[in-house]
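Survey of secondary and tertiary structure
Listed here are the chains, written in short residue letters.
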Amino acid sequence: MNMKNKKNNLTTLDQFMDKHYGKRGTPKRDEFDAGYEIFKIGALLHEARLAKGLTQEELADKVGTTKSYISKIENDVKEVRLSTLQKIVTIGLGGQVQLSIRL
């Protein structure tokens, strides 16, 4: 098989999502997208914590919570309030939270 044929068989991420979860704005896609955003927050927090060289327990101690709570956020088991996320990021990690809204 030559490269041209392989390229024609590629699917973009948008095409994959449209096929398996529906177009943006449909209930199934909206539900998936919302879940992904929550997952992404946990993954970003995990990466930032590791970049600072902190354990979950050390981060929890800095912000007055438990290792279990930090773990649940990082592993998408528990949703985090924006005010709590800001506290974790600013006090615990010495960073800042930046949000954007797209319409």
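Residues numbered from 1 in each chain as written. Predicted model: local features only at pLDDT ≥ 70, side-chain atom pairs only at ≥ 80, totals over all residues. Heavy atoms only, no water.

**Brief notes about the nonpolar core**
As a reminder, the rule being used: Only buried residues count toward a nonpolar core, which is a set of Ala, Val, Leu, Ile, Met, Phe, Trp, Tyr and Cys residues joined through side-chain atoms within 4.5 Å. Partly exposed residues are those whose accessible area sits between 20% and 50% of the maximum for their type, while under 20% is buried and over 50% is exposed, using a 1.4 Å probe and protein chains only. Labels follow the DSSP assignment, with helices taken as runs of H or I lasting at least four residues and strands as runs of E lasting at least two, numbered in each case from the N terminus. Contact definition: two residues touch when any of their heavy atoms are within 4.5 Å.
Grouped together as the largest cluster of nonpolar side chains are 10 residues: Leu45, Leu54, Leu59, Ala60, Val63, Tyr69, Ile70, Ile73, Ile88 and Leu93. Of all the secondary structure elements, the ones that give two or more residues to this core are helix H4 (56–63), helix H5 (67–74) and helix H6 (82–93). What valine 63 contacts, discounting residues up to four positions off in sequence, is Lys87, Ile88, Ile91 and Gly92.

**Description of the environment of lysine 40**
Mapped onto the elements, lysine 40 comes out in helix H3 (residues 27–51). You can call lysine 40 partly exposed: its relative accessible area is 30%. For the pair lysine 40 and glutamate 74, spaced 34 residues apart in the sequence, the C-alpha separation amounts to 9.0 Å.

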